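Examination of the molecular architecture
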Amino acid sequence: MASKTETFEGGCTCRQVRYRVTSKPLFVHCCHCRWCQRETGTAFALNAMIEADRVELLSGEPELVLTPSESGKGQKIWRCPNCRIAVWSNYPGAGDAVRFVRVGTLDTPDVMPPDVHIFTMSKQPWVELPEGTPSVREFYDLKKTWPKESLERRAALRRRAE
């Protein structure tokens, strides 16, 4: 797992868009909902939630693509304008202050395994969830699931937004 002092770089397939994550994420979701399956073309989406100011753009300029969501509120997906790879998203609940970095776009994605599996009610039947990693049928109680440090970082984001 990433430590708070480590940095990690990533980017799109063609390397036009490159970024650096400057700390460990708040939390990493492995989402098995049907929307994530459709959007990624695979069994789940793996997103590292991190404050936007902890994601530095090193090169290129991702393009915003507004995408519908099951909630009806939509989401913002930031893609390389050349190869179209999604590098991060923003969801209405967290706004622009939190980026959901696509873990697979990191140069070393294995450093950010999921902290929780969500929406397992619609996971593909052939996906086996690992023992020791929490999983929930739909969503979880953030205050009971996130580590104290992440809750403190979230509170700081909310104070800045006020």
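Below you will find a few notes about this structure. For every chain, the first residue of its written sequence is number 1, and the numbers climb from 1 along that sequence. Only residues with pLDDT of 70 or above have their local features reported here, since the model is predicted, and side-chain atom pairs are shown and tallied only from 80 upward, although totals for entire chains, interfaces and linings are computed over all residues. Side-chain numbers come from the whole structure's heavy atoms, not from hydrogens or water.

Our focus in this paragraph is the overall build of the protein chain. Under the DSSP-based scheme used, a helix requires at least four consecutive residues in state H or I and a strand at least two consecutive residues in state E, with every element numbered from the N terminus. Looking only at helices and strands, the protein chain features three helices and 10 strands. Counting from the amino terminus, the protein chain carries its helices and strands in the arrangement β-β-β-α-β-β-β-β-β-β-β-α-α. Both definitions apply: the radius of gyration is a C-alpha atom measure, and the globule rule equals 2.2 Å times residues to the power 0.38. Compactness check: the protein chain gives a C-alpha radius of gyration of 15 Å against a globular reference of 15 Å for 162 residues, within 12% of the reference. Considering only C-alpha atoms, the protein chain reaches an extent of 40 × 35 × 30 Å along its principal axes. Residues count as neighbours in contact if any of their non-hydrogen atoms are within 4.5 Å of one another. Considering only contacts in the protein chain between residues 6 or more positions apart, those separated by 24 or more positions represent 55%.

With that settled, consider the sheet that holds strand β9 (residues 98-102). Whether two strands pair depends on DSSP finding at least two bridges between them. What the seven strands build is an open sheet, ordered β6-β7-β8-β9-β4-β3-β10; its pairing is mixed. For this open sheet the edge positions go to β6 (63-67) and β10 (116-118), each flanked by a neighbour on one side alone. Averaged over neighbouring strand pairs, the angle between their axes works out to 30° when direction is ignored. By the bridge criterion, five bridges tie strand β3 (residues 27-31) to strand β4 (residues 45-51) in an arrangement that is antiparallel. Across the sheet, residue Val28 finds its bridge partner in β4, namely Ala48. To define axes, lines are fitted to C-alpha atoms, for helices over the stretch in contact only, and angles between the resulting N-to-C directions are given on a 0 to 180 degree scale.

With that settled, the discussion passes to the layout of surface pockets. Volume-wise, the largest pocket comes out at about 900 Å³. Among the elements of the structure, β3, α1 (34-40), β4, β9 and α3 (148-161) are those that each provide at least two residues to the lining of the largest pocket. It is α3 that contributes the most residues to the lining of the largest pocket, four residues altogether. The residue classification treats Ala, Val, Leu, Ile, Met, Phe, Trp, Tyr, Cys and Pro as nonpolar and Asp, Glu, Lys and Arg as charged. All others, Gly included, are polar. When grouped by side-chain class, the residues that make up the lining of the largest pocket number 21 nonpolar, seven polar and five charged. In this structure, the second largest pocket occupies an estimated 230 Å³ of space. Whether a set of points on the 1 Å grid over the protein atoms alone is a cavity depends on a 1.4 Å probe fitting there but being unable to get out, while an open set qualifies as a pocket with protein on both sides within 12 Å along at least five of seven lines; lining residues are those with an atom within 4 Å of a point. As for the second largest pocket, its lining consists of 13 residues, of which Thr40, Leu46, Ala86, Arg102 and Gly104 are closest to the centre. Grid points are joined across faces, edges and corners, and a volume is the space filled by probe spheres set on the points.

One open sheet accounts for three strands, arranged β1-β2-β5; its pairing is antiparallel. Among the strands making up the open sheet, the edge pair consists of β1 (8-11) and β5 (55-59). Here the average twist between neighbouring strands, direction ignored, is 30°. Where β1 lies against strand β2 (residues 18-21), four bridges are found, and the strand directions are antiparallel. Across the sheet, Gly10 pairs through a bridge with Tyr19, a residue of β2.

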